[in-house]
Amino acid sequence: MKKGLLVVISLCLMAVLTTSFSACGGGGKDNDNGKAGSHLISKAKAQDVGDWVLPIVENPGDFDMIDEVDIKALLAREDVKVVLIDFWATWCEPCKAAMPHLEEIYQDYKDKGLAAVVITIDVKNSTLERMIKADVAHLGVSYPIPWDFESKVKNAYGIGAIPVTYLVDKEGKIRYEHSGFTSKEIDMPPLIDAIEELLNE
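All of these numbers come straight from a predicted model, not from anything done at the bench.

Colleague: Is there a simple way to think about the nonpolar core in this case?
Modeller: A general feature of soluble globular proteins is that nonpolar side chains tend to end up buried together. Membership of the largest hydrophobic core comes to 58 residues, with the highest contact counts inside it found for Trp52, Val83, Ile85, Phe87 and Ile145. Broken down by element, the residue count for this core peaks at seven residues, all from helix α3 (residues 93-109).

Here it is in structure tokens:
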């Protein structure tokens, strides 16, 4: 009896730990794939990215936006075909685990038309600003880090858990959505496939 109870408790603990590592702050969402074999949301069902501007808290790379990210202006650029948007926070370990892999993808596809902005939802204070900058330096990322400190964009998208990764097409439609992070092997291949699909549309 005791052995059976121990097995049940162990399985429950494993389920809780897996859920906590996959996403911070609530349940995730699944993609609504547009067609069989595709990782993309159909254009008909895709949400509009909105019309928002966020200040940049840190920009370690050579991206030519210095003070703010204007999503519509970014999409209007001739060299941008797809925008990767990811939401994170300094307290979210799965978010930080995913960021170097997003950086790798960004480096692989930025010359083919991919732009990336990874939005922090940390509240605005000087301590968190220092932590954001320290995390960005430690994780070795080169994409801009906009600051959604009032959670306006997060709330507009109905985000309940982070990390959440989106891909936005040239028309400003959110064509891919994925919540949580487990590992590079599980989470990155569908994202790469979706990027390639959108770049080839």
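Colleague: Would you take a moment to explain the pattern of salt bridges for this structure?
Modeller: Note on pairing: side chains with opposite charge can pair once their charged atoms come close. Evaluated as defined, the whole model comprises 11 salt bridges. Residue Lys43 is joined to Glu171 by a salt bridge in which the shortest nitrogen-to-oxygen separation is 3.5 Å. Of this pair, Lys43 sits in the loop between α1 (2-22) and β1 (47-48) while Glu171 sits in the loop between β7 (164-168) and β8 (173-179), and the two are 128 residues apart along the sequence. Of the residues examined, Lys43 reaches a relative accessible area of 42% and is grouped as partly exposed. Owing to a relative accessible area of 51%, Glu171 belongs among the exposed residues under this scheme.

Colleague: Can you walk me through the state of the cysteines in this structure?
Modeller: The bond known as a disulfide is covalent and runs between the sulfur atoms of two cysteines. Taken as a whole and assessed by the stated rule, the structure comprises one disulfide. Through a disulfide, Cys92 is tied to Cys95; the S-S separation comes to 2.3 Å. Measuring handedness by torsion sign, the sulfur bridge of Cys92 and Cys95 sits at about 75 degrees and is right-handed. Each of the two residues, Cys92 as well as Cys95, counts as buried.

Colleague: Help me out: how do you make sense of the packing of aromatic side chains in this one?
Modeller: To describe a pair of aromatic rings, one takes the distance between the centres and the angle between the planes. Counting across every chain of the model gives five aromatic pairs. Pairing Tyr106 with Tyr143 gives two aromatic rings, centres 6.1 Å apart and planes at 70 degrees, and the pair type is edge-to-face. Separated by 37 residues along the polypeptide, Tyr106 in helix α3 and Tyr143 in the loop between α4 (126-139) and β6 (145-146) bring together distant segments of the chain. Among the residues examined, Tyr143 registers a relative accessible area of 0% and is labelled buried. Ring geometry for Trp147 versus Phe149: centroids 5.8 Å apart, planes at 85 degrees, classification edge-to-face.

Colleague: Looking at this structure, I do not really get the side chain of Asp187. What am I missing?
Modeller: Its location among the elements puts Asp187 in helix α6 (residues 184-199). Buried within the structure, Asp187 lacks any salt-bridge partner; Lys184 is the closest side chain of opposite charge, at an N-O distance of 12 Å. Among all residues touching Asp187, those that are not within four sequence positions of it are Tyr176, His178, Gly180, Phe181 and Thr182.

Colleague: It is not clear to me how the environment of Phe87 should be interpreted in this structure. Could you clarify?
Modeller: Examined against the element boundaries, Phe87 turns out to sit in strand β4 (residues 82-88). Judged by its relative accessible area of 0%, Phe87 is buried. Look past the residues within four positions of Phe87 in its chain and what remains in contact with it is Cys95, Ile119, Ile121, Asp148, Val153, Lys154, Tyr157, Ile159, Ile162, Pro163, Val164 and Tyr166.

Colleague: Whenever I open this one, α3 confuses me. Can you help?
Modeller: Every α-helix carries 3.6 residues per turn, so stepping three or four residues along brings you back to the same face. Across its 17 residues, α3 extends 25 Å between first and last C-alpha, which sits within 8% of the 24 Å expected from 1.5 Å per residue. Within α3, the axis deviates most sharply at Met99, by approximately 30 degrees, and proline Pro100 lies no more than four positions further along.

Colleague: Where do I start with the sheet that holds β6 in this structure?
Modeller: The strands making up a sheet associate through hydrogen bonds between their backbones, and the pairing can be parallel or antiparallel. The strand order across the open sheet formed by three strands is β3-β2-β6, and the pairing between neighbours is antiparallel. Two strands bound the open sheet, and with one partner strand each, they are β3 (68-70) and β6. Bridging between strand β2 (residues 53-58) and β6 involves two bridges; their strand directions are antiparallel. What sits directly across from Ile56, in β6, is Pro146. Sitting on the sheet, α4 touches β2 and β6, and the angle it makes with β2 is about 70 degrees.

Calculation rules
- Residues numbered from 1 in each chain as written.
- Predicted model: local features only at pLDDT ≥ 70, side-chain atom pairs only at ≥ 80, totals over all residues.
- Heavy atoms only, no water.
- Core = buried A, V, L, I, M, F, W, Y, C linked by side-chain atoms within 4.5 Å.
- Buried < 20%, exposed > 50% of the residue type's maximum accessible area, 1.4 Å probe, protein only.
- Helix = DSSP H or I, 4+ residues; strand = E, 2+ residues; numbered from the N terminus.
- Salt bridge = Lys/Arg side-chain N within 4 Å of Asp/Glu carboxyl O.
- Disulfide = S-S within 2.5 Å.
- Phe/Tyr/Trp six-rings, centres within 6.5 Å; stacked < 30°, edge-to-face > 60°.
- Lys, Arg positive; Asp, Glu negative; His and termini not counted.
- Contact = heavy atoms within 4.5 Å.
- Expected span 1.5 Å × (residues − 1).
- Bend = angle between axes of the 7 residues up to and from the residue.
- Pairing = 2+ DSSP bridges.
- Axes fitted to C-alpha atoms, helices over the stretch in contact; angles between N-to-C directions.

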